Amino acid sequence: MTTNSQPIWRNSAREIARLVREGEVSALEVVESHLARIAEVNPRLGALTVVFADRARELAAQLDRRIADGEELGDLAGVPISVKENIDLTWSPTTEGWTFLADALPSEDATIVRRLLEADAIPIGRGNMPETGLRWDTDNELFGRTYNPWDRTRVPGGSSGGDAVAVATGMVALGLGNDYGGSLRLPAYAAGVTALRPSAGRVPAAGPVQPSPLTEQFFSVNGPIARHVDDLNMAFSLMHGADGLDPATASIPHPLGYDGIRKVALTRDPLGWGVDPEVAQALTIAADALSDAGWDVDEVEPPMIEDAAVLWRQLSVTELVGLFRPGARPAPLGAGAMQYFLDNADETAVFGSVGDYADAWGQRLVIAAAWEQFQSEHPVVLGPVSARRMPLIGYDLSGPTATTQLWRDHRLLVTVNFLGLPSVAVPTGLDADGIPSGVQLIAPRNGDHIALAAARDVEAVVETVTPISQPA
């Protein structure tokens, strides 16, 4: 099953959909190619927790019958996708990586799943994640570990690690995940793929609206992972907009391009806390690409990054302390996630009063206003996803100081979540050790199309390194 002398699974989502719509390959051939790829690489990577082989074949056969009947198919015709373990899909339990949710079968598809199904995408498997998305790694006691396909000794990032690895290795063409503290961008950075963390309020919830902590309401978003920026754009074009269910989501036009101010703020070392040489080189590659594409790149740092990063951590941990107090959950976290949580709590000054907690949310508005003004002059901020290369497995459980170091490494990453801004993680090639490197491009509120436009210009001059032919 090949197209243009390459396996079908190597094609982009847009190309797969074109091939299916134009009858060059059948949807069933697409599914079989990806199922064979899953059988080849997933057993040693653990990216997909469950594979919907029979259902995917059934959906593909339905599409092929519709094509035979002369029916027009959607934008994602026959495109295999993965759905993270915390996004509702009616034929698969929404486990969030928890053992006690192993049978939690939802009654309705999440809006983003339904919208991609309506565009004729084919869910082919579930993406692994840490329990309740708590760690910047992907491991849990229900499904086990996901391995980094470039270096099995390093973490694949989290929490959408399974989906990123599945995309990077050609098991799927598109992954659905979410991002509370970098959970789309960090795994994409680790895997050498691209991801869009949309603006807060652009994409509906991953399941029924339920009472949830304020940080989850303001910091977390659902978004796509892909190997190409144009695939991100297509997926977001289908996913975004109010659904009549999630009151926090609004319908805002998504332009196909961007013709506004082309100024970039390059922050090579946010707060001067240090970055790895490989990270610095990635920023230079991206800055040069943007400059060559006509962007005016200034080396200037956005305001109040430390304030934003500190408050993201304090608010998050304050709420987690309450969420995981005895009796607050029907079952405890697994050993790894619990250790990570306790180490974070030990290192973080949680808010001790309602007044302090409320003041922190008030300060968020001040920081957001400073960024709003800054980005009126520099619509794109170019900076690191992480200040370091991906750490070795087990680093995040090596003690409380490790959790603080990771937070410091991810200071710009979580600032984006704190402010609800859109950001695209885009790879910049492989470093000298053959490990992916990359950057993130941050746009103003609801400027998702701006971040995508800048990412497209970086991608245009950087050789694509995925899908990986021979994963580690």
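Refer to the structure presented above.
Basis of the calculations
Residues numbered from 1 in each chain as written. Predicted model: local features only at pLDDT ≥ 70, side-chain atom pairs only at ≥ 80, totals over all residues. Heavy atoms only, no water. Core = buried A, V, L, I, M, F, W, Y, C linked by side-chain atoms within 4.5 Å. Buried < 20%, exposed > 50% of the residue type's maximum accessible area, 1.4 Å probe, protein only. Contact = heavy atoms within 4.5 Å. Helix = DSSP H or I, 4+ residues; strand = E, 2+ residues; numbered from the N terminus. Phe/Tyr/Trp six-rings, centres within 6.5 Å; stacked < 30°, edge-to-face > 60°. Lys NZ or Arg CZ within 6 Å of the ring centre and 35° of its normal.

Chemist: Help me understand the nonpolar core, please; the structure alone is not making it clear to me.
Modeler: Nonpolar side chains tend to gather and get buried jointly when the protein is soluble and globular. Counting residues in hydrophobic clusters, the biggest one holds 135 residues, and the most contacted among them are Leu176, Trp371, Leu382, Phe418 and Leu441. Beyond its immediate stretch of four places on either side in the chain, leucine 441 contacts Leu290, Val380, Val381, Leu382, Pro422, Ser423, Val424, Val426, Ala451, Ala454, Ala455 and Val458.

Chemist: When you look at the environment of proline 270 in this model, what are you seeing that I'm missing?
Modeler: Along the chain, proline 270 turns up in the loop between strand 11 (263-266) and helix 9 (277-292). For proline 270, a relative accessible area of 1% translates into the label buried. Sequence separation between proline 270 and valine 310 is 40 residues, and the spatial gap between their C-alpha atoms is 14 Å. Residues within four places of proline 270 in sequence aside, it is in contact with Glu301, Ile305, Pro384, Arg411 and Leu412.

Chemist: What exactly am I supposed to notice about the packing of aromatic side chains here?
Modeler: Aromatic ring pairs are described here by two measures, namely the spacing of the ring centres and the angle between the planes. The final tally for this structure, using the stated rule, is 11 aromatic pairs. Measuring from ring centre to ring centre gives 5.8 Å for phenylalanine 52 and tryptophan 91, while their planes differ by 85°; the resulting arrangement is edge-to-face. Within this pair, whereas phenylalanine 52 is found in the loop between strand 3 (48-51) and helix 3 (53-68), its partner tryptophan 91 is found in the loop between strand 4 (80-84) and helix 4 (111-118), the two being separated by 39 residues in sequence. For the pair formed by phenylalanine 52 and tryptophan 91, the shared burial category is buried. The interplanar angle of 55° and the centroid separation of 5.8 Å between the aromatic rings of tryptophan 273 and tryptophan 407 together place this pair among those described as tilted. In this pair, tryptophan 273 sits in the loop between strand 11 and helix 9 while tryptophan 407 sits in helix 13 (residues 400-409), placing the two residues 134 residues apart along the sequence. The two residues tryptophan 273 and tryptophan 407 agree in class, both being buried. Each residue in the set Trp136, Tyr180, Phe218, Phe219, Trp312, Tyr357, Trp361 and Phe418 is aromatic and connected to the rest through ring pairs, giving one cluster. In this structure, arginine 37 packs its charged tip against the face of tryptophan 9, placed 3.9 Å from the ring centre.

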